[in-house]
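If you want the building blocks of each chain, they are given just below.
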Amino acid sequence: MKHLYVELARKNGQLARLKAKRVAVMLRLYGKDPTQRQWLRIKAMILSKSVNYHLRQASILSSHIRLLESKENQNAK
């Protein structure tokens, strides 16, 4: 069970990192001509919410993994 949570946390972290890179590129392109590329800023804002979601999921899963590991250590003693 713990292995499944570790994989999910890793995948969420990877997705967050990938999407954050996309947001950075979008914002860099938006900075070149803000008046003509307002739509790009909106798309970047939507994508950044997805990055936030994946980071939050990875954080929740990692805290749950730590909780499982502490329970395993207590049972082993």
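Residues numbered from 1 in each chain as written. Predicted model: local features only at pLDDT ≥ 70, side-chain atom pairs only at ≥ 80, totals over all residues. Heavy atoms only, no water.

Visitor: Mind laying out the overall build of the protein chain, listing which residues take part and the relevant values?
Guide: Looking only at helices and strands, one finds 2 helices and 0 strands in the protein chain. For the protein chain, whose C-alpha radius of gyration is 18 Å, the value lies well above the compact-globule estimate of 11 Å for 77 residues. Here the C-alpha coordinates of the protein chain stretch approximately 65 × 15 × 15 Å along the principal axes. Going through the 77 residues of the protein chain one by one, you find that 21% of them count as buried. Looking at the protein chain alone, contacts between residues at least 24 apart form 71% of all its contacts between residues at least 6 apart. Accessible surface, the protein chain as shown: approximately 5,900 Å² in total, 59% of it carbon and sulfur. (Helix = DSSP H or I, 4+ residues; strand = E, 2+ residues; numbered from the N terminus. Rg over C-alpha atoms; globule rule 2.2 N^0.38 Å. Buried < 20%, exposed > 50% of the residue type's maximum accessible area, 1.4 Å probe, protein only. Contact = heavy atoms within 4.5 Å. Areas by Shrake-Rupley, 256 points an atom, 1.4 Å probe, with all protein chains shown as cover.)

Visitor: Just give me the short version of the environment of glutamine 74, but keep the residues and values in it.
Guide: You can see glutamine 74 is positioned in helix α2 (residues 38-76). Assessed through its relative accessible area of 61%, glutamine 74 is described here as exposed. Sequence-wise, glutamine 74 and glutamine 14 are 60 residues apart; in three dimensions their C-alpha atoms are separated by 31 Å.

Visitor: So, the packing of helix α1 (residues 2-32) against α2: which residues are in play, and what are the values?
Guide: Remark: α1 packs on α2, axes separated minimally by 8 Å, with the N-to-C direction vectors making an angle of 160 degrees. With respect to α2, the element α1 is oriented roughly antiparallel. In the packing of α1 onto α2, the handedness of the crossing is left-handed. Split into classes, the residues belonging to the contact of α1 with α2 amount to 21 nonpolar, 8 polar and 7 charged. (Axes fitted to C-alpha atoms, helices over the stretch in contact; angles between N-to-C directions. Parallel < 35°, antiparallel > 145°, perpendicular 65-115°, else oblique. Left-handed = near helix turned anticlockwise from the far one by under 90°. Nonpolar A, V, L, I, M, F, W, Y, C, P; charged D, E, K, R; others polar.)

Visitor: Account for the side chain of asparagine 12, naming residues and giving values.
Guide: Locating asparagine 12 in the fold gives a position in helix α1. Its relative accessible area of 12% is what places asparagine 12 among the buried residues.

Visitor: Which residues make up α1, and what values go with them?
Guide: For α1, built from 31 residues, the straight-helix expectation of 45 Å at 1.5 Å per residue is met to within 8% by its first-to-last C-alpha distance of 46 Å. For α1, the full list of buried residues reads Tyr5, Ala9, Asn12, Gly13, Ala16, Lys19, Val23 and Tyr30. Those residues of α1 that are buried lie in contact with α2. (Expected span 1.5 Å × (residues − 1).)

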